[in-house]
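Read off the chains here:
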Amino acid sequence: MEKFYLVTDSVDLIKKLLPIGVKLVQLRIKDTPPDQLRQRIYEAKLYCEKYNAQLVLNDYWQLALELGVNFVHLGQEDLVNADFKALNQANIHFGLSTHDEAELDLALSYNPHYIALGPIYPTKLKKMNCPPQGLARITLWKQKIKDIPLVAIGGIVPERIENVLRAGADSVAVVTDIQYAADPIQRCNEWFSHIQKSYS
């Protein structure tokens, strides 16, 4: 799994960052009219195909089926209503969010293609009902899920990447650090550099 996992609601940002090497991106759009939503998903899909990048669609599993997006990300609140039989029949992969051990046990019962854990550090992105997970929880989760890829998310910046990966994360999801960067391309390259250093 790619180490750098961009999460954004901006198709324009996707267009900027795929040419410099981003290969895994989650499109997470909220509160958008259906027609605009379909258009943005379809545009992101075409652009990811152009650059041989993996698009993951957040929440909208029905639209993934409709538009041919082959990967979705679902939160715990989505598990009750999602049609996993239809997703599996369409060969659509899915990653699931977790925040505690009960959620992890439930998520694993669906045989996900990755498990996300967060927030690792304090984050300003949204109000969380759980405290920061910390590095030790990453290690514990990885021991439990074994070969399933583990995505760490929440408050992670390039300077923390080495510790997060060493703790057991296979990939790091990045939201605000890129979204609010003065120069997203430069900031993205800093991420690539830190990831490379963590393996040197």
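Here, every reference points to the structure presented above.
Scoring rules and cut-offs
- Residues numbered from 1 in each chain as written.
- Predicted model: local features only at pLDDT ≥ 70, side-chain atom pairs only at ≥ 80, totals over all residues.
- Heavy atoms only, no water.
- Phe/Tyr/Trp six-rings, centres within 6.5 Å; stacked < 30°, edge-to-face > 60°.
- Helix = DSSP H or I, 4+ residues; strand = E, 2+ residues; numbered from the N terminus.
- Buried < 20%, exposed > 50% of the residue type's maximum accessible area, 1.4 Å probe, protein only.
- Lys NZ or Arg CZ within 6 Å of the ring centre and 35° of its normal.
- Axes fitted to C-alpha atoms, helices over the stretch in contact; angles between N-to-C directions.
- Parallel < 35°, antiparallel > 145°, perpendicular 65-115°, else oblique.
- Left-handed = near helix turned anticlockwise from the far one by under 90°.
- Contact = heavy atoms within 4.5 Å.
- Nonpolar A, V, L, I, M, F, W, Y, C, P; charged D, E, K, R; others polar.
- Polar contact = N/O pair within 3.5 Å; in protein donor to acceptor, adjacent residues only side chain to side chain.
- Right-handed = clockwise from strand over helix to strand, strands pointing away.
- Pairing = 2+ DSSP bridges.
- Expected span 1.5 Å × (residues − 1).

**Concerning the packing of aromatic side chains**
Here is step 1: On inspection of all chains with the given rule, the structure shows seven aromatic pairs.
Here is step 2: On the numbers, 5.5 Å between centres and 80° between planes, the contact of phenylalanine 4 with phenylalanine 192 is edge-to-face. Separated by 188 residues along the polypeptide, phenylalanine 4 in strand β1 (residues 4-8) and phenylalanine 192 in helix α9 (residues 184-198) bring together distant segments of the chain.
Here is step 3: Of the residues examined, phenylalanine 4 reaches a relative accessible area of 5% and is grouped as buried.
Here is step 4: Assessed through its relative accessible area of 24%, phenylalanine 192 is described here as partly exposed.
Here is step 5: Centroid distance phenylalanine 84 to tyrosine 110: 4.4 Å. Interplanar angle 40°. Geometry classified as tilted. Linking phenylalanine 84 in helix α4 (residues 84-89) with tyrosine 110 in the loop between α5 (101-108) and β6 (114-117), this pair joins segments that are 26 residues apart in sequence.
Here is step 6: The buried category is assigned to phenylalanine 84, whose relative accessible area is 10%.
Here is step 7: A residue is classified by how much of its surface remains accessible, and tyrosine 110, at 26% relative accessible area, is partly exposed.
Here is step 8: Cation over ring: arginine 160 sits above tyrosine 121, and NZ or CZ is 3.9 Å from the ring centre.

**A word on the packing of α5 against helix α6 (residues 134-145)**
Here is step 1: Running from N to C, α5 and α6 cross one another at 30°; their axes reach a closest spacing of 12 Å. The pairing of α5 with α6 is recorded here as roughly parallel in orientation. Of the two elements, α5 crosses α6, and the hand of that crossing is right-handed. Taken together, the residues of α6 that come into contact with α5 (itself represented by Glu101, Leu104 and Leu108) are Leu140, Trp141, Lys144 and Ile145.
Here is step 2: In terms of residue class, the contact of α5 with α6 is made up of five nonpolar, no polar and two charged.

**Structural notes on the environment of arginine 187**
Here is step 1: Take arginine 187: it is sitting in helix α9.
Here is step 2: As a C-alpha pair, arginine 187 and proline 158 span 29 residues in sequence and 8.9 Å in three-dimensional space.
Here is step 3: Side-chain polar atoms of arginine 187 contact the side chain of glutamate 190, separated by 2.6 Å.

**Looking at the pairing of strand β2 (residues 24-27)**
Here is step 1: The two faces of β2 match: Leu24 and Gln26 on one face and Val25 and Leu27 on the other face are all buried.
Here is step 2: Between the parallel elements β1 and β2, the chain passes through helix α1 (residues 11-17) in a crossover that is right-handed.
Here is step 3: Bridge count between β2 and strand β3 (residues 54-58): four bridges; the pairing is parallel. Each bridged residue has a counterpart across the sheet, and for leucine 24 the counterpart in β3 is glutamine 54.
Here is step 4: Note on the crossover from β2 through helix α2 (residues 34-50) to β3: the handedness is right-handed.

**Observations concerning α2**
Here is step 1: Compared with the 24 Å implied by 1.5 Å per residue over 17 residues, the 24 Å span of α2 between its first and last C-alpha is a close match.
Here is step 2: If you check which residues of α2 are buried, you get Leu37, Ile41, Ala44, Lys45, Tyr47 and Cys48.
Here is step 3: Those residues of α2 that are buried are in contact with α1, β2, β3 and α3 (61-67).

**Focus: the side chain of serine 198**
Here is step 1: Note on placement: serine 198 falls in helix α9.
Here is step 2: A relative accessible area of 13% places serine 198 in the buried class.
Here is step 3: Side-chain polar atoms of serine 198 contact the backbone oxygen of isoleucine 195, separated by 2.6 Å.
Here is step 4: Other than its neighbours up to four places away in sequence, serine 198 contacts Glu162 and Leu165.

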